[in-house]
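What the coordinates show
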Amino acid sequence: MASIYIDEDVGKDEPGQLGSETSPFKTLQFAYLQRPAEAQYLVRSPAAEGDADAVDGKVWKPAAKSALKKVVNYYEQQKKKAAREQELAAKRKQEEEERNAILLKAKEIVLEDDASLPAPVKIKLDEVGDHIKLRTLDDPESKGTRVRVVGRVHRERKQKDVLFVTLRDGYGFMQVVISGKLAKTYEALTLTRETSMEIYGEMRQVPAGARAPLDRELHADFYKIPSYWRAAGGDEAITNRVTADTDRSTLLNLRHLTLRGEGASSIMIVRDAVEGAFSQAFRELRIRKVSPPALVQTQVEGGATLFKFDYYGADAYLTQSSQLYLETCLPSMGDVYCIEKSFRAEKSLTRRHLSEFTHVEAELDFITFDDLLANIEHMMCRVLEIVMSDPVIAAHIKTLNPDFTLPQRPFMRMKYSDAIQWLIDHNIENEEGQPHSFGDDIAEAAERKMTDIIGKPIFLTHFPAHIKAFYMQRDPNDDRVTESVDCLMPGVGEIVGGSMRLDDYDALMAAFKREALDPSTYYWYTDQRKYGSSPHGGWGLGLERFLAWLCNQHTVRDCCLYPRFMGRCAP
Ligand code: 4AD
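Owing to the predicted nature of the structure, the values given are computational and were not obtained by experimental measurement. Along each chain, the written sequence defines residue order, and numbers are assigned to residues from 1. With pLDDT at 70 or above as the cut-off, local features in this predicted model cover only qualifying residues; side-chain atom pairs require 80 or more to be listed or tallied, and sums for whole chains, interfaces and linings still use all residues. Remark: hydrogens and water are excluded; side-chain values derive from all non-hydrogen atoms of the structure.

**Brief notes about the pattern of salt bridges**
The salt bridge criterion pairs a side-chain nitrogen of Lys or Arg with a carboxyl oxygen of Asp or Glu, the two atoms within 4 Å. Summed over the entire model, instances satisfying the criterion amount to 30 salt bridges. The residue aspartate 9 makes a salt bridge to lysine 58 at a minimum N-O spacing of 2.6 Å. Remark: lysine 58 occurs in strand β3 (residues 58–62) and aspartate 9 occurs in the loop between β1 (2–6) and α1 (28–34); sequence separation between them is 49 residues. Each residue is placed in one exposure class: buried if its accessible area under a 1.4 Å probe, protein chains only, is under 20% of its type's maximum, exposed if it is over 50%, and partly exposed if it falls in between. Residue classification places aspartate 9 among the exposed positions, given a relative accessible area of 55%. Taking the shortest distance from any N to any O, the salt bridge between aspartate 527 and lysine 530 comes out at 3.9 Å. In DSSP terms, a helix is any run of H or I states spanning at least four residues, a strand is any run of E spanning at least two, and both are numbered starting from the N terminus.

Below, the structure written as structure tokens:
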């Protein structure tokens, strides 16, 4: 029987090691794994006193029985594990071979459009009407319309030999039943989510008890999936890139993919409807649309949030608001509005601040402060009425915000000074942890607490001049405050900001001076007061905030396509 040598001090657990007296292993376990059950294992151990064989106080002694038993057990376990793995690998290999064989055969299946069938009608997935007949269940003789649809695989499910696909085209969803030869093609067997498809087939009623969008399903008789239409699978599959556990930052990096989800796309669809409704409601009031510049050389809402850039060697900014430009349109166009981007270099990360937001702004000529409030209220309510009258949009809103109801008119009106008293009475403190007092800028948290407790839209009016922008008209009855308004909504807070504008040249000049702004760059704005001034005012509504309220979203970031906020300018 060969002897294997183990020396914990100088031995090495390396495959090149011989296990001889001059080239010992380090551990018994390693020695046994290399040379199992064939040898006696000699371990370098302390020698008894006077042992003649001792070298440096040590001798080779057979390994202790208990130690050897442990090592043998471990070895047996490893052997079993290796056998199991081998078996599994073989099984996997066999399965793969079988699947490859099936796929190879599947590649031979070529689908063709059956020319004897009626020519298909191309429809969108949400399309309904008399031109789309369903084969009914109670009449086997009935015929459904043969249609042709395109879209992407939103979901897929295999049941025996039938493949169920939920197709999505941005307008709606359709359940598609793919069976027989159609379910056996290479494309069907390897179908991944987000793959694009063109499908032909008959429209049928869904079987009793089954559920499908619009209570119908398409029974495919032909489809096309050119190879470049196929969506990535495996690790790259969309379901592996965007999951329920994916963190917010990754979701934002993958915004182009998350936008394909039902929730995100619903919000974007509502957004389109809301923007359209604003245009309609403005048009109903004969308020005209204009498109002011985004690249400007004047500030509107304070220097702290200006995005500055080099404009051919001169300083310029991204506009904070189109208001000043809207004011210049009044004399020639009457009342005007715009839906443009505004930019704010906000230096905090809150759930309602973006660096780039969509600003719905209106400016109205020859009005009173009451007219201004009435216009804001009318516009908000009319827009809601328009969007809710579209059953598709109303359904999206109901899904996103099940408790949504149209706000009651008139909106509650509350003066800033009364709000300060309300905050004191409700023990809501200012940012310094002190009770609020007149002159405080009501901070976001306090504002939201108040709005949430009151639970309905509030017109908060008459803010002190020093906490508001330079252009605001003073209240003729109280010079400390301005004819200004913020519209606050539960869950979000301020959605609209508006005011009457200083219409007197000298008063405006004094305001520039007070704010240490150089009036010369504003000549085009101050000239309005030189060439036929008028009592006028306007407002600006943050579209993303309005949507966050309407769609019950925690943050405005989910209410725009590709949000921009501090630290994010991509994708
Ligand atoms: O109250 P603000 O600053 O008012 C103005 O800009 C006026 N010049 C508008 C006008 O009278 N034409 O902004 C108006 C609204 C806010 O109520 C808010 O809804 C939105 O614009 N807003 C923002 N939304 C998202 N992110 C930001 N950083 C925003 N800043 C303002």
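Still more ground to cover, so stick around.
**Observations regarding the UniProt feature "domain: Aminoacyl-transfer RNA synthetases class-II family profile" (unreviewed entry) in the protein**
Taking the numbering used here, the UniProt-annotated feature "domain: Aminoacyl-transfer RNA synthetases class-II family profile" (unreviewed entry) corresponds to residues 270–563. Secondary structure content for residues 270–563 is 34% helix and 23% strand, and the end C-alpha separation is 17 Å. UniProt positions are given in the numbering used here, feature names are shortened, and annotations may be inferred rather than shown by experiment.

**Let's talk about the site of the ligand**
Nearness of a residue to a molecule or strand requires only that one of the residue's heavy atoms be within 4 Å of it. The local shell around the ligand holds 22 residues, among which Glu301, Gln323, Glu361, Glu494 and Ile495 are the closest. Under the rule applied, a polar contact is a pair of N or O atoms within 3.5 Å (in protein, one hydrogen donor and one hydrogen acceptor; residues adjacent in sequence only if both atoms are side-chain atoms). Tryptophan 539 places a polar main-chain atom, nitrogen or oxygen, 3.3 Å from a nitrogen atom of the ligand. Method for areas: the Shrake-Rupley scheme with a 1.4 Å probe, in which residue coverage is limited to the protein chains shown. Contact with the protein chains hides 94% of the accessible area of the ligand, taken as 620 Å² for the molecule alone. Elements with a minimum of two residues in the shell around the ligand: β15 (356–365), β21 (493–500) and β22 (536–542). When its residues are assigned to classes, the shell around the ligand shows six nonpolar, eight polar and eight charged. Basically, the charged four are Asp, Glu, Lys and Arg, the nonpolar ten are Ala, Val, Leu, Ile, Met, Phe, Trp, Tyr, Cys and Pro, and anything else, Gly included, counts as polar.

**Notes on the sheet that holds strand β2 (residues 39–46)**
At least two DSSP bridges between two strands are needed for those strands to be called paired. The three strands lie next to each other as β1-β2-β3, forming an open sheet whose pairing is mixed. Pairing within the sheet leaves two strands with one partner each, and these edge strands are β1 and β3. Each neighbouring strand pair of the sheet contributes to a mean axis angle of 35 degrees, computed without reference to strand direction. Bridging between β2 and β3 involves five bridges; their strand directions are antiparallel. Bridging from a neighbouring strand, leucine 42 pairs with proline 62 of β3. Structural elements are reduced to axes, namely lines fitted to C-alpha atoms, with helices fitted over the stretch in contact, and the angle between N-to-C directions of any two is expressed from 0 to 180 degrees.

**A short note on the pairing of strand β20 (residues 484–489)**
Where burial is concerned, most of β20 is hidden: six out of the six residues are buried. Residue alternation in β20 divides its side chains into two sets, Ser484, Asp486 and Leu488 and Val485, Cys487 and Met489, and both sets are buried. Bridging between strand β17 (residues 458–461) and β20 involves four bridges; their strand directions are antiparallel. Its bridge partner being in β20, leucine 460 is matched across the sheet by aspartate 486.

**Let's talk about the packing of helix α7 (residues 262–284) against helix α15 (residues 543–550)**
For the pair α7 and α15, interaxial distance at closest approach is 11 Å and the crossing angle is 120 degrees. Classified by the angle between their axes, α7 and α15 sit oblique to one another. Considering only the axes of α7 and α15, their crossing is right-handed. Contacts from Val270, Arg271, Val274, Glu275 and Phe278 of α7 reach α15 at Leu543, Glu544, Phe546, Leu547 and Leu550. Angles below 35 degrees are treated as roughly parallel, those above 145 as roughly antiparallel, those between 65 and 115 as roughly perpendicular, and all remaining angles as oblique. Working rule for handedness: look at the near helix, and if it is turned counterclockwise from the far one by less than a right angle, call the crossing left-handed; if clockwise, right-handed. Whether two residues touch is decided by their heavy atoms; if any such pair falls within 4.5 Å, the residues are in contact.

**As for the nonpolar core**
Counting residues in hydrophobic clusters, the biggest one holds 56 residues, and the most contacted among them are Val274, Phe278, Met380, Trp539, Phe546 and Leu550. Valine 274 has contacts with Val383, Val387, Leu543, Phe546, Leu547 and Leu550, leaving out every residue within four places of it along the chain. Each nonpolar core is a collection of buried residues, namely Ala, Val, Leu, Ile, Met, Phe, Trp, Tyr and Cys, held together in the definition by side-chain atoms within 4.5 Å. Membership of the second largest hydrophobic core comes to 26 residues, among which are Leu111, Val147, Leu167 and Ile225.

**Details of the packing of aromatic side chains**
Side-chain rings of Phe, Tyr and Trp, where Trp is taken by its six-membered ring, are said to pair if the distance between their centres is within 6.5 Å; with planes under 30 degrees apart they count as stacked, over 60 as edge-to-face, and otherwise as tilted. Counted under the stated rule, the structure contains 23 aromatic pairs. When the ring of tyrosine 32 is compared with that of tyrosine 41, the centres are 5.5 Å apart and the planes differ by 40 degrees; the resulting orientation is tilted. For the ring pair phenylalanine 470 and phenylalanine 512, a centre distance of 4.9 Å and an interplane angle of 35 degrees mean the geometry is tilted. Here phenylalanine 470, found in the loop between β17 and β18 (474–475), pairs with phenylalanine 512, found in helix α13 (residues 505–514); they are 42 residues apart in sequence, far enough to count as distant. Judged by relative accessible area, which is 4%, phenylalanine 470 ranks as buried. In this structure phenylalanine 512 comes out as buried when scored by relative accessible area, which is 0%. Ring pairs connect the aromatic residues Phe278, Phe282, Tyr337, Phe404, Trp539, Phe546 and Trp549, which therefore count as one cluster. In this scheme, the term charge over a ring applies when either NZ of a lysine or CZ of an arginine sits within 6 Å of the ring centre and within 35 degrees of the ring normal. When the ring centre of tyrosine 186 is taken as reference, the NZ or CZ atom of lysine 107 above it lies at 4.6 Å.

**Overview of the packing of helix α11 (residues 416–425) against helix α12 (residues 444–454)**
It is at 11 Å that the axes of α11 and α12 come closest, and there the two elements cross at 85 degrees. Accordingly, the angle class assigned to the pair α11 and α12 is roughly perpendicular. Taken together, the residues of α12 that come into contact with α11 (itself represented by Ala419, Trp422 and Leu423) are Ala446, Met450, Ile453 and Ile454.

**As for the sheet that holds strand β14 (residues 336–343)**
One open sheet holds the eight strands; their spatial order is β10-β14-β15-β22-β21-β20-β17-β16, and the pairing between them is mixed. Here the strands that pair on one side only, and so sit at the sheet edges, are β10 (288–289) and β16 (412–415). Examined bridge by bridge, β15 and β22 share seven bridges and lie antiparallel to one another. Bridged to glutamate 363 within β22 is glycine 538. Relative to β15, helix α8 (residues 323–333) is tilted by about 35 degrees, and along the sheet it contacts β10, β14, β15 and β22. Strands β16 and β17 of the sheet are contacted by α11, whose axis makes an angle of about 85 degrees with β16.

**Some details on the state of the cysteines**
The disulfide criterion is simple: two cysteine sulfur atoms within 2.5 Å. All chains considered together, the criterion is met by zero disulfides. With no disulfide of its own, cysteine 487 has cysteine 381 as its nearest cysteine by sulfur position, at a separation of 9.0 Å. Left without a disulfide partner, cysteine 569 is nearest to the cysteine sulfur of cysteine 560, which lies 12 Å away.

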